[in-house]
Amino acid sequence: MRIVLVGPPGAGKGTQAQRLKDYLGVAHLSTGEMLREAHQAGTALGRQAAEYFEAGRLVPDDVVVGIVADRLNEADCADGCVFDGFPRTVAQAETLDAMLAERDMPVDLAIAVEVPESEVFQRLAARGRADDHVETVRERMGHYRRLTQPILEYYHDQGVLRSIDGTGTPDEVFARIRRTVDTARQTAS
Ligand code: AMP
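Please read these numbers as outputs of a predicted model, since none were measured by experiment.

Peer 1: In this structure, what is going on with the overall build of the protein? I would like to understand it.
Peer 2: Helices and strands together make up the secondary structure of the protein, namely 9 helices and 5 strands. Mapped from its N terminus to its C terminus, the protein presents α and β elements in the order β-α-β-α-α-α-β-α-β-α-α-α-β-α. Computed over its C-alpha atoms, the radius of gyration of the protein comes to 16 Å, within 12% of the 16 Å expected for a compact globule of 189 residues. The principal-axis extents of the C-alpha atoms in the protein amount to approximately 45 × 35 × 30 Å. Burial analysis of the protein (189 residues in total) assigns 46% to the buried set. Within the protein, contacts between residues separated by at least 24 positions form 74% of all contacts whose residues are at least 6 apart in sequence. Surface summary for the protein: the accessible area is close to 9,400 Å², and the carbon and sulfur share equals 49%. Positive and negative side-chain charges of the protein, numbering 22 and 30 respectively, have mean locations separated by a distance of 4 Å.

In structure tokens, the structure reads:
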């Protein structure tokens, strides 16, 4: 199964993607994590990406798409994948569809994790990652609204979008995600 998790910064996508990956026994593909790792490793791509993510801006599509294409070729992605933080623009969603079509593997489900903005700010303040300063968070929220939210309509039109309430404890949120995934699996089989 290929599942895309969509939600504002601080919605808990990383935590939930990790759990979902363990539940389904598939790969976890986090572009944010891959970009931070490239930065820590000091690669040219990492240095280029850091200029964007440290300012709370989206890294250019071609950079992100390149690392996703490489990751999809790894063996663990063959049985399925949880996409976390990718796609973040309609252009990325279209490119992902094209890459998956080559492999005859569509996106089965896009799960929108819904969290009110006021709660997002509280959660990010508590997390304290380098790109979690108030100004940067505002910037990231703006990009989310303008560039990422339109992918919800894109997946809705494909008939694969489901929305869940992202408030509550990680266990409560995961229970909702699991129910959504189980229902989709039953319908598919
Ligand atoms: P995340 O860990 O998903 O919150 O991502 C951290 C930062 O990495 C984001 O604020 C962006 O600057 C960058 N990033 C991660 N994924 C993408 C993506 N799919 N497209 C563009 N930039 C991304």
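Peer 1: Looking at this structure, how should I read the layout of surface pockets?
Peer 2: The rolling of a water-molecule-sized probe over the atoms marks out the regions of remaining empty space. By volume, the largest pocket is sized at about 820 Å³. Lining the largest pocket we find 37 residues, and of these K13, R88, R127, R129 and R140 sit closest to its centre. Of all the elements in the fold, those that place two or more residues in the lining of the largest pocket are β1 (2-6), α1 (13-24), α2 (31-40), α6 (117-127) and α7 (134-148). The greatest single-element share of the lining of the largest pocket, amounting to 5 residues, is contributed by α2. The residue makeup of the lining of the largest pocket, split by class, is 13 nonpolar, 13 polar and 11 charged.

Peer 1: What should I look at first to understand helix α4 (residues 61-72) in this one?
Peer 2: For the α-helix, the turn length of 3.6 residues means that residues three or four positions removed from each other point alike. Between its terminal C-alpha atoms α4 stretches 16 Å, which fits the 16 Å expected from 12 residues at 1.5 Å a residue. If you check which residues of α4 are buried, you get V63, V64, V65, I67, V68, R71 and L72.

Peer 1: Mind showing me how you'd approach the packing of aromatic side chains here?
Peer 2: To describe a pair of aromatic rings, you give the distance between the ring centres and the angle between the ring planes. The final tally for this structure, using the stated rule, is 2 aromatic pairs. Their ring planes at 85° and their centres at 6.0 Å tell us that Y23 and F174 sit as a pair that is edge-to-face. Of this pair, Y23 sits in helix α1 while F174 is found in helix α9 (residues 170-188), placing the two residues 151 residues apart along the sequence. Taking the relative accessible area as the measure of exposure, Y23 reaches 34% and is therefore partly exposed.

Peer 1: It is not clear to me how the packing of helix α5 (residues 90-102) against helix α8 (residues 150-158) should be interpreted in this structure. Could you clarify?
Peer 2: A pair of packed helices is characterised by two quantities: the angle between their axes and the separation of those axes. Two numbers describe how α5 lies on α8: the axes approach to 8 Å, and their chain directions differ by 40°. Here α5 contributes V90, A93, E94, L96 and D97 to the contact with α8, which in turn contributes P150, I151, Y154, Y155 and Q158. Grouping the amino acids of the contact of α5 with α8 by side-chain chemistry returns 7 nonpolar, 1 polar and 2 charged.

Peer 1: What exactly am I supposed to notice about the nonpolar core here?
Peer 2: Soluble, globular proteins show a tendency: their nonpolar side chains are buried together. Within the largest apolar cluster, 35 residues are counted, with the highest numbers of intra-cluster contacts made by V4, L72, F83, L96 and Y155. No other element matches α4, which puts 6 residues into this core. One finds V82, L109, V115 and L124 within the second-largest nonpolar core, a separate group that totals 22 residues.

Peer 1: What's the story with the state of the cysteines in this structure? I'm lost.
Peer 2: Here a disulfide denotes one covalent bond, and it connects the sulfur atoms of two cysteines. This structure, assessed with the given rule, holds 0 disulfides. No disulfide involves C77; its sulfur sits 4.4 Å from the nearest other cysteine sulfur, which is in C81. Relative accessible area serves as the criterion here: at 4%, C77 is assigned to the buried category. On the accessibility criterion, C81 (1% relative accessible area) is buried.

Peer 1: Is there a simple way to think about the site of the ligand in this case?
Peer 2: Close to the ligand lie 16 residues, the nearest being T31, R36, R57, G85 and R88. One of the backbone nitrogen or oxygen atoms of R57 is found 2.6 Å away from an oxygen atom of the ligand. Taking G85, its main chain carries an N or O atom lying 2.9 Å from a nitrogen atom of the ligand. Here the ligand loses 95% of its free accessible area of 480 Å² to cover by the protein chains. Put simply, the ligand lies in the largest pocket.

What counts as what
- Residues numbered from 1 in each chain as written.
- Predicted model: local features only at pLDDT ≥ 70, side-chain atom pairs only at ≥ 80, totals over all residues.
- Heavy atoms only, no water.
- Helix = DSSP H or I, 4+ residues; strand = E, 2+ residues; numbered from the N terminus.
- Rg over C-alpha atoms; globule rule 2.2 N^0.38 Å.
- Buried < 20%, exposed > 50% of the residue type's maximum accessible area, 1.4 Å probe, protein only.
- Contact = heavy atoms within 4.5 Å.
- Areas by Shrake-Rupley, 256 points an atom, 1.4 Å probe, with all protein chains shown as cover.
- Lys, Arg positive; Asp, Glu negative; His and termini not counted.
- Charge placed at Lys NZ, Arg CZ, Asp CG, Glu CD.
- 1 Å grid on protein atoms, 1.4 Å probe; cavity = no way out; pocket = protein on both sides within 12 Å on 5 of 7 lines; lining within 4 Å.
- Points joined across faces, edges and corners; volume = space filled by probe spheres on them.
- Nonpolar A, V, L, I, M, F, W, Y, C, P; charged D, E, K, R; others polar.
- Expected span 1.5 Å × (residues − 1).
- Phe/Tyr/Trp six-rings, centres within 6.5 Å; stacked < 30°, edge-to-face > 60°.
- Axes fitted to C-alpha atoms, helices over the stretch in contact; angles between N-to-C directions.
- Core = buried A, V, L, I, M, F, W, Y, C linked by side-chain atoms within 4.5 Å.
- Disulfide = S-S within 2.5 Å.
- Near = heavy atom within 4 Å.
- Polar contact = N/O pair within 3.5 Å; in protein donor to acceptor, adjacent residues only side chain to side chain.
- Sits in = over half its atoms within 2 Å of the grid points.

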